[in-house]
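Structural overview
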Amino acid sequence: MPETTRELLTTGGWKELTFSPFRDEVTIHWIKPFEGDQPGVALLKYEAGASVPRHRHEGLETILVLEGVQSDEAGDYAKGCYIVNAAGTEHSVWSDTGCVVLIQWDRPVRILEEEKA
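Note that the structure is a prediction, hence the values are computed from the model and not measured.

Calculation notes
- Residues numbered from 1 in each chain as written.
- Predicted model: local features only at pLDDT ≥ 70, side-chain atom pairs only at ≥ 80, totals over all residues.
- Heavy atoms only, no water.
- UniProt positions renumbered as here; feature names shortened; annotations may be inferred.
- Helix = DSSP H or I, 4+ residues; strand = E, 2+ residues; numbered from the N terminus.
- Buried < 20%, exposed > 50% of the residue type's maximum accessible area, 1.4 Å probe, protein only.
- Pairing = 2+ DSSP bridges.
- Phe/Tyr/Trp six-rings, centres within 6.5 Å; stacked < 30°, edge-to-face > 60°.
- Lys NZ or Arg CZ within 6 Å of the ring centre and 35° of its normal.
- pLDDT = per-residue confidence, 0-100.
- Salt bridge = Lys/Arg side-chain N within 4 Å of Asp/Glu carboxyl O.

1. Comments concerning the UniProt feature "domain: ChrR-like cupin" (unreviewed entry) in the chain
UniProt annotation of "domain: ChrR-like cupin" (unreviewed entry) refers to residues 16-103 when read in the numbering used here. In residues 16-103, helix accounts for 0% and strand for 64%; the two terminal C-alpha atoms are 18 Å from one another.

2. Quick notes on the pairing of strand S3 (residues 40-46)
Among the 7 residues in S3, 6 count as buried, and that is most of the element. Bridging between strand S2 (residues 26-32) and S3 involves 6 bridges; their strand directions are antiparallel. Across the sheet, the residue bridging to Lys32 is Val41, located in S3. Direction of pairing for S3 relative to strand S9 (residues 99-105): antiparallel, over a ladder of 7 bridges. Directly across from Tyr46, in S9, lies its bridge partner Cys99.

3. Considerations on the packing of aromatic side chains
Inspection of every chain in the model, using the stated rule, returns 4 aromatic pairs. Consider the rings of Trp30 and Trp105, whose centres lie 5.7 Å apart with planes at 50°: the pair is tilted. Separated by 75 residues along the polypeptide, Trp30 in strand S2 and Trp105 in strand S9 bring together distant segments of the chain. Ring pairs connect the aromatic residues Phe22, Trp30, Phe34 and Trp105, which therefore count as one cluster. Over the aromatic face of Phe19 sits the side chain of Lys45, whose NZ or CZ is 4.2 Å from the ring centroid.

4. Description of the environment of Gly12
For Gly12, the position within the fold is in the loop between helix H1 (3-11) and strand S1 (20-23). Separated by 55 residues in the primary sequence, Gly12 and Glu67 have C-alpha atoms spaced 9.3 Å apart.

5. What about the confidence of the model for the chain?
Atomic detail in the predicted coordinates should be set aside for any region of low pLDDT. On average, the chain scores 90 in pLDDT, and the residues at 70 or more come to 93%. When pLDDT is averaged over each element of the chain, strand S6 (residues 75-78) comes out on top at 97 and helix H2 (residues 112-116) at the bottom at 65.

6. Section: the pattern of salt bridges
Scanning the entire structure with this criterion turns up 4 salt bridges. Residue Lys15 is joined to Glu67 by a salt bridge in which the shortest nitrogen-to-oxygen separation is 3.6 Å. Here Lys15 is found in the loop between H1 and S1, whereas its partner Glu67 is found in strand S5 (residues 61-72), with 52 residues between them in sequence. Residue Glu67 is classed as partly exposed on the basis of its relative accessible area, which comes to 35%. Put simply, Arg54 and Glu90 hold a salt bridge, and the shortest N to O gap is 3.5 Å. Of this pair, Arg54 sits in strand S4 (residues 50-56) while Glu90 sits in strand S8 (residues 90-95), placing them 36 residues apart in sequence. When its relative accessible area of 33% is taken as the criterion, Arg54 is described as partly exposed.

Here is the structure:
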C-alpha cells in the first residue's frame, strides 16, 4: 500500500475521500478494485442502522474498523478491531451507530438472500 494511502487511513484523511453507492445506506471508496483474480481493497462507510444481508465468503475477507462499531452474529467490533472471515463462512453485517471499515476481499462475496428472491 502506498505510504500516502497508509497515512490517509491512520490520520483520518479518508474522511475527505469520495464514496460511491454500494448497498442501501452503505457507500464504498475503492483503494484497489478487483482485477482478474486479484483481491479488492476498499473503505466501506455504513450509515447508522445500515446492514448487508447474509452472504458467503468465496475467499478470505479481512476488516479493520476505523471508526464506529460494526456487528455480526458473532459480536460487536469497535474502532481498532481486526476481523478475519475465512472462505466458506457466512454472516450478515450491520452497524447500529454507523462505522467505517477498511476491507480486503480475496473474492467478491455471494449475497445469499438475493439468491432466494
